[in-house]
Amino acid sequence: TDGSQLWFTNQQLSPKVKTAIPTTVCIQEESATFKIIKEELAKSFPALGVGDVSFTKKSTKNIVLIGTADSKAIASMVSEDEFAKLGDDGFLIRRKQGDGTILIAANTEFGALYGVYEFLRLLKTSATDLVEIDRVEIPSYQRRILNHWDNLDGTVERGYAGYSIWKWDELPGTISPRYEAYARANASIGINGTVLNNVNANPDILTKDYLEKVKVLAGIFRPYGIRVYLSVNFSSPKELGGLENSDPLNDQVKSWWNDKADEIYAMIPDFGGFLVKANSEGLPGPQDYGRTHADGANMLADALAPHGGIVMWRAFVYNPDGDDRAKQAYKEFVPLDGQFRKNVIIQLKNGPIDFQPREPFSPMFGAMKHTTLMPEFQITQEYLGFSDHLVFLSTLFEECLDTDTYAEGPNTTIARITDGEVYNDSITAIAGVANIGEDTNWCGHHFAQSNWYAFGRLAWNNKLSSAEIANEWLEQTFTQDADFVAQMKRVMLQSREAVVNYMTPIGLHHLMGWSHHYGPEPWCEVPGARPDWLPTYYHKADSMGIGFDRSTTGSEAVLQYAEPLRSIYDNVSTCPEMYLLWFHHLSWDYVLHNGNTLWDELCYKYSSGVDRVKVFQKIWDRMEGKVDAQRFKEVQAKLAIQATEAIWWRDACLLYFQTFSGKPIPEELDRPVHVLEKLKMLKFDMTHHN
Ligand code: BDP
């Protein structure tokens, strides 16, 4: 098995499904989406051993009945009240008592499609016994979106699975079969939007030629319930339209965008909207003209509003001459609270810096009470070992969503702030930066598929646990063998903490190599470089100690958090140890709660990260024979890289920090196998990773 089939690999009926599944399927409606539903069932039932399916429009006993209220049979079995609760994408699956019929009902055909994928998932995983099934699912977020950082030249920024799956040169004439496979995979986990191009947007995406290509993709995705969105360059009116400037208050600029929106919607009536990175990392934006982010976002929002489109405006802004980088987005955006149009959503990375293995949450969550916010996660592993390291990111996503901001008192979690529960937002959304490329297995590492999967599942239901997600992913992707699932679930659930420990434990961050962001370079110096792109800006190691003082004696970033978090983070004895060096600069002799000095604890943490990966290797080796030989070997080879690189990280960081601490590595721990001076001379070769 080469991984190309993603989580559709294992077609085995779950042992828990004791009951007979009807093989007659009644679907009374017709559409492209219902056709997909039929195809899925026609493929899956025989493969699962349920039997060949026969489709009928007649509702009898002992059938699988699928549809919306437009289907008479469905309408007679589901009340209006029940339908009202389901919303656009929700569905119910219910076993009708007495005659064996399984009902899958929704308000829309897309809801029915999600219901069918859920039904198939239940058949294939040991989640539920279907005999008495009676469940309602309503997605946590209305818009569940992948962000592709794919460039028009076919490269993928921070992509580690080969070139882009979008073949812009071949479109619109030639259609890769991958497009539909992509749509199917996304729909199966509830993803309903895709931003096709990089946030560092090339204006050309809005030319007629490219829009023709986009239109073809939108057409393929449409029956799967997936809308297309585009990243736009704020200077497009100037660059493409030949206008004098792109000032959002310039009437010509406004009409350029209005016309562009009209043009897009004439071609793609269900177009989702724009994603914008503006005045960030050198990109143009409204501030170039003395205007605010709100001025810029609102102008675009006004162009899209008549068509029902939205603007996702990114808050990833920071400036080398500004304050502590961790504080800047908040300082820029919070004063604008309440000034954004209803169809603007501020898209916010989970942490205040940048997708590090661990960051405290961005304090903007909860601080903008009159502005809609959406979380942005990074599925691609820019800072977590690319597609070479096995890291299950679900626990990172879950940690963020479950974090209590206390913005409105206890239980103001990021999940509840962003899914509309706390502030009743009319639009809700969540985004994940995709890890997909043209590699046969889509994501570079077989286990990296689980991160795409987990993002979709959490976007659908932000209360799911990572353990449940790992479980169902493993069962569908590999096997239901109980030992395999139990062992590998443990590996997955521990994997993120392992990477935190061998890269950036105790609140350290941004220690990685210059520009490519691979491997450790805590010593990194680049002549003339922006200081806020250098590790020394973040770790501040010196002979006295290590860490970034963001407490009230330092940059005061803690003040951006609501009480009691502000005080908890500010006080070194109450600050959670996982954030200690994020918020405090501490002496090497500082004693932690467990009695270790900070230096010793750093050594233990780095070592434990390495040890964990070695355990992962052993566990995987025991799985031989339980999975196909190809995937077994490929994962085994990746784990070997990961173990080697975990040691590289440990040695590089400890040897370098040791030049400041002057302290020995605790007796019982493994000694470094590298020499610092040699590590410093390593030149990283990106070609190996693409
Ligand atoms: C950083 C990446 C950079 C992205 C930027 C962003 O290094 O490639 O363009 O984020 O999110 O993590 O805009």
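Residues numbered from 1 in each chain as written. Predicted model: local features only at pLDDT ≥ 70, side-chain atom pairs only at ≥ 80, totals over all residues. Heavy atoms only, no water.

Focus on empty space enclosed by the protein
Counting across every chain of the model gives 7 cavities of 30 Å³ or more. Quantified by volume, the largest cavity comes out at close to 140 Å³. Around the largest cavity, the lining is made up of 16 residues, and of these A315, F316, A329, G351 and P352 lie nearest the centre. Those elements that provide at least two residues to the lining of the largest cavity are α10 (325-333) and β12 (344-349). In this model, the second largest cavity occupies a volume close to 90 Å³. Along the walls of the second largest cavity sit 13 residues, with F8, Y117, K124, S188 and Q476 positioned nearest its centre. Elements that contribute at least two residues to the lining of the second largest cavity include exactly α1 (32-48), α4 (109-124) and α5 (177-188). Looking at the lining of the second largest cavity element by element, the count peaks at 4 residues for α4. In terms of residue class, the lining of the second largest cavity is made up of 6 nonpolar, 3 polar and 4 charged. (1 Å grid on protein atoms, 1.4 Å probe; cavity = no way out; pocket = protein on both sides within 12 Å on 5 of 7 lines; lining within 4 Å. Points joined across faces, edges and corners; volume = space filled by probe spheres on them. Helix = DSSP H or I, 4+ residues; strand = E, 2+ residues; numbered from the N terminus. Nonpolar A, V, L, I, M, F, W, Y, C, P; charged D, E, K, R; others polar.)

Points about the pattern of salt bridges
Using the criterion set out here, one finds 42 salt bridges in the structure. E212 serves as the salt-bridge partner of K208, at 3.8 Å between the closest nitrogen and oxygen. Pair noted here: K208 and E212 are both in helix α6 (residues 208-221), with a separation of 4 residues, about one helical turn. Under the relative-accessibility criterion, K208 is labelled partly exposed at 45%. (Salt bridge = Lys/Arg side-chain N within 4 Å of Asp/Glu carboxyl O. Buried < 20%, exposed > 50% of the residue type's maximum accessible area, 1.4 Å probe, protein only.)

Comments concerning the domain arrangement of the protein
Annotation of the protein at the domain level lists domain 1 (6-137), domain 2 (143-464) and domain 3 (500-548 + 585-689). Of note, the centres of domain 1 and domain 3, computed from C-alpha atoms alone, are 48 Å apart. (Domains from an automatic or database assignment.)

Some points on the sheet that holds strand β9 (residues 227-232)
What the 8 strands build is a closed barrel, ordered β7-β8-β9-β10-β11-β12-β13-β14; its pairing is parallel. Direction aside, the axes of adjacent strands within the sheet are offset by 25° on average. The pairing of strand β7 (residues 143-147) with strand β8 (residues 193-195) spans 3 bridges and is parallel. If you follow I145 over to β8, its bridge partner there is G193. (Pairing = 2+ DSSP bridges. Axes fitted to C-alpha atoms, helices over the stretch in contact; angles between N-to-C directions.)

Thoughts on the site of the ligand
Every one of the 14 residues lining the ligand counts as a neighbour, but E157, K277, R314, D354 and E382 are closest to it. Between the ligand and E157, the relevant distance is 2.3 Å, taken from an oxygen atom to a side-chain nitrogen or oxygen of the residue. Between the ligand and K349, the relevant distance is 2.7 Å, taken from an oxygen atom to a side-chain nitrogen or oxygen of the residue. Alone, the ligand offers 320 Å² of accessible surface; in the complex the protein occludes 97% of this. Residues of the shell around the ligand, tallied by class, amount to 4 nonpolar, 2 polar and 8 charged. (Near = heavy atom within 4 Å. Polar contact = N/O pair within 3.5 Å; in protein donor to acceptor, adjacent residues only side chain to side chain. Areas by Shrake-Rupley, 256 points an atom, 1.4 Å probe, with all protein chains shown as cover.)

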